[in-house]
Amino acid sequence: FVFFFFFSLMLLRKGSFNVLPTSSKKLSKRELDDLIARAKRDDKTLKAIEIPNQKISNTHFNQLLDAIEVNQTLTRIDISNNGLQDIGVCEVFNRLMISNNRFMRSIDVSLNGISLTSGKKISEYLSYHFHISSIKYNDTIGTTISESGLTTDKLFDKKAFTDTITHKIESKLNSNRQMLRFLNSETNRFECWRRKVKSLGSVLREHWGDRIVSMDFTGNEIQSLPDMAQSYTLLEEFLFSHNSLPEFPDFIGQLLALRVIDVSKNQIKNIPLELRSLLHLETLIVSDNQISHLPLFLATLPKLTFLAVARNPIDSFTEEIIEQSEEGGQELIKLLRERLQEYFTPPPDTQLPYRLSEDDKHLISMLKDQQAASPEDFSIFLPKKHITHSKKFVCRTLKPKCERKPTSIQKISDGIWCGMEDGSICHWDSRTFSLREIKAKVLPSAILEILEISAISEVWVAGYCNSVAVVPSRDHNGEFGSMEIFLDPQYSVVQCMIFVSLTNRVWIASGNSILSYCAQNKNLEGTVTMESPVLSLLYHQGMIWAGCGDGCIYVLKKSGGIHKTIKAASSMIFNLKAVGPYVWSSSNEDVIKVWIKPSNSDIHCIALVPVDGMELHLITPSSHGETMYCQSGVLKEGGTTYDVFEFSPTGRLLTVLETSHTKFITAMAWSRSPDRLWTADEGGVVCCHELKLGKKTMARLRQESLSPLVGLSQEDVPETEPVAVTGDLKKAWRVSRVPTDTERKLTLFRTHSAQ
């Protein structure tokens, strides 16, 4: 015992424990000296400096700055609430930039003096350091400006400053987290936004090419690109808008898998003929460049459905057609194809009044040779290459089905809550798939929205009434209690609700108004009135997106003012969802539009996702930002089946999930760990889809199908729907069919009876 006691003291003295004091207890002068000395020695065992609420002296602070400058192994620094002035916070980040410590992940300088200068310094630090996943600063930057004594300008707009700096910092931190996820092999998308990158050699590694599918360098200072033809053969998305590219890279035609190219706001002067080899190209965005001529070969690309060329000096088409291309360019693509077709319709020798480039003349000559060689098979379009989509999943139907029509579904804590048209909620256990309880009459009418606020363990439920029910996410002692927030009588329907954790506010859309409530005390904080009914809300990149009945998307600041207006459709915007940096909007049109916000003032559409002619398109994203799911009806032999399509963030169809639904799907929700998609149809059927079928999931499903259940009588055996298995999953399980719960229990019962 004595030996163990002294050995422990030695370990503490030598610093074998990685993290030093995390409590708010004030350290003594000697303890601070020891901590700073270890940091200055670049002690490999010291991973974090956590000295919040210390009010350290100037001497210790200067020594700490010297330690930060020389240390290369720290991963976390917490110097919150130390009475630092703005200039002190700036100096911390100056020393961090000098040290160039690539292991740093988290920095906390909150509750100190923060102003415009230090806010810009934080943003500048993030521009060059992609490894930072968290920086905590004052929640409302600008409230301590007067305390720091750095400005006496009464015209200084603190609110505008807060919105601008917060947006920049949060945007870069989000980009950092995406890059860290890529480095951890959690995603195949590489995003590097607004980082002042001038050369890809300082960021990319050649061996990453075997898994990068999307490369996004929006908002940098790139003037040239290295040859990526050999290393990045899987690349499907080439996103380099807001850079300084003078031309398309020479290797662009060799990236045969490309589907999306966005090089808007560069200095490009022409579209090269090499793009003709991109048979899978669906979206081409070259707006805000110096292009004066649209080549005719664009008309030969078989899958091109989105062509944006706005704000270019193009004189071969009317200015109206060019500007309208920002909305998709379908009319422009049609005119290009009609113009090219005119050169191959009789009489062939007619002189047409179109200005042709050398590439156009070469293309027409080559196509005429093909027409002469094989007139019956001739077409101006390049041959399409059909892609087959794998179908590999497990679909499970929950029992019993809902007695009423489900109108919403949501994963809450460890359960699935399904709201119904009579105001009740069916609560299933997400692990055992058994019905826990039915919460009767949570609302007097149909439930449209179920919103979980996990920070305070509450669920807000709203629908066709002028009240919001607030219920606990977990029942206590088997009792179900709730409270109600009564809205003004003019708000008779709640169409949508979202929670913004940064401001602790719940935004509620009702009629033409958006109401902002404090989640903690349930008080109304403000109201925003729109010109048309608000049908959907989304919090994305520091702003509120509101889809309205006039077909417009209004991007609002957190203060409620309109930042930008987007004409997204000719009719109502039913859904707004974000997946990664992209925003999807659905209406009752035959397409779903994908939007991107590359800068604070620029928002444009990058893809049109064609869907079947349904009156309402339900879309739901995965929380890891990799996929988007959309329901649609498919006409097959024997009737219409309602399946779910799995898309990439930019609209590429990945998988078709064949469900067991025979009626219209009315609600969808996504849950993580394990990845599952939950769907409910108007007939009351609720299904669970297993989406990730790795080794652990396969082992768990196999265990579920074979695990013995002891102590059951024949009367206790419930009816359970069989597990549907499709694709090559049967081979993976090495069994002909998965036994149902009923079959397992009956087999076990007969075994016990025989014994």
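Residues numbered from 1 in each chain as written. Predicted model: local features only at pLDDT ≥ 70, side-chain atom pairs only at ≥ 80, totals over all residues. Heavy atoms only, no water.

Engineer: I would appreciate a short explanation of the overall build of the protein chain in the present structure.
Structural biologist: What the protein chain contains, in helices and strands, is 13 helices and 39 strands. Going through the 755 residues of the protein chain one by one, you find that 52% of them count as buried. Here the analysis covers contacts within the protein chain between residues at least 6 apart in sequence; of these, 51% occur between residues at least 24 apart. Looking at the protein chain as shown, the accessible area adds up to about 35000 Å², and 52% of this sits on carbon and sulfur atoms. (Helix = DSSP H or I, 4+ residues; strand = E, 2+ residues; numbered from the N terminus. Buried < 20%, exposed > 50% of the residue type's maximum accessible area, 1.4 Å probe, protein only. Contact = heavy atoms within 4.5 Å. Areas by Shrake-Rupley, 256 points an atom, 1.4 Å probe, with all protein chains shown as cover.)

Engineer: Please clarify how the sheet that holds strand 2 (residues 76-78) should be interpreted in this entry.
Structural biologist: Where strands meet in a sheet, backbone hydrogen bonds hold them as pairs that are either parallel or antiparallel. Taken in spatial order, the four strands of this open sheet run 1-2-3-4, and their pairing is parallel. Edge positions in the open sheet fall to strand 1 (48-50) and strand 4 (134-136), since each of these has one partner strand only. Averaged over all pairs of adjacent strands, the angle between their axes in this sheet comes to 5°, without regard to strand direction. One ladder, built from three bridges, connects strand 2 with strand 3 (residues 106-108); its direction is parallel. Across the sheet, I77 pairs through a bridge with I107, a residue of strand 3. (Pairing = 2+ DSSP bridges. Axes fitted to C-alpha atoms, helices over the stretch in contact; angles between N-to-C directions.)

Engineer: Just checking my understanding: could you explain the packing of aromatic side chains for this structure?
Structural biologist: Here a ring pair, both rings aromatic, is described through the centre-centre distance and the interplanar angle of the planes. In this structure the tally under the stated criterion is ten aromatic pairs. Each ring, one from F93 and one from Y125, has its centre 5.5 Å from the other, and the planes form 65°; the classification is edge-to-face. Taken as a pair, F93 in helix 4 (residues 86-99) and Y125 in helix 5 (residues 116-128) lie far apart in primary sequence, 32 residues in all. Take F93 and Y125: they sit in the same class, and that class is buried. On the numbers, 5.3 Å between centres and 90° between planes, the contact of F182 with F190 is edge-to-face. Summarising the burial analysis for this pair, F182 and F190 share the class buried. One Lys or Arg, R211, reaches over the ring of F182 and ends 3.9 Å from the middle of that ring. Lying across the ring of F317, R339 places its NZ or CZ 4.2 Å from the centre. (Phe/Tyr/Trp six-rings, centres within 6.5 Å; stacked < 30°, edge-to-face > 60°. Lys NZ or Arg CZ within 6 Å of the ring centre and 35° of its normal.)

Engineer: Explain a negative patch on the surface to me, please; I cannot follow it from the model alone.
Structural biologist: On the surface, D227, E247, D250, E274 and D359 cluster together into a negatively charged patch. Relative to the elements of secondary structure, E247 occurs in the loop between strand 7 (237-239) and strand 8 (260-262). (Patch = residues over 30% accessible without salt bridge, like charges linked within 9 Å, V, L, I, M, F, W, Y side chains within 5 Å. Salt bridge = Lys/Arg side-chain N within 4 Å of Asp/Glu carboxyl O. Lys, Arg positive; Asp, Glu negative; His and termini not counted. Charge placed at Lys NZ, Arg CZ, Asp CG, Glu CD.)

Engineer: Sorry if this is basic, but what is going on with the pairing of strand 18 (residues 467-472) here?
Structural biologist: Note on strand geometry: in a regular strand, side chains alternate between the two faces of the sheet. Of all six residues in strand 18, six are buried; the element is thus mostly enclosed. Burial along strand 18 is two-sided: the face carrying S467, A469 and V471 and the face carrying V468, V470 and P472 are both buried. The sheet contact formed by strand 17 (residues 458-463) and strand 18 spans four bridges and is antiparallel. Looking across to strand 18, one finds that V461 is bridged to A469. Between strand 17 and strand 18, which pair antiparallel and follow one another directly, the connecting turn spans three residues. As judged from the four bridges shared by strand 18 and strand 19 (residues 483-486), these two strands associate in the antiparallel manner. Within strand 19, the residue paired with S467 across the bridge is F486.

Engineer: Looking at this structure, I do not really get helix 10 (residues 358-373). What am I missing?
Structural biologist: An α-helix turns once per 3.6 residues; consequently, residues spaced three or four apart project the same way. Here helix 10 contains 16 residues, and its C-alpha end-to-end distance of 23 Å stays within 8% of the 22 Å for a straight helix at 1.5 Å per residue. Burial in helix 10 covers these residues: D360, L363, I364 and L367. Buried positions in helix 10, seen along its axis, are confined to an arc of 95° and lie on one side of it. Along helix 10, the residues that are exposed and aim more than 90 degrees away from the buried face are E358, D369, A372 and A373. (Expected span 1.5 Å × (residues − 1). Arc of directions from axis to C-beta.)

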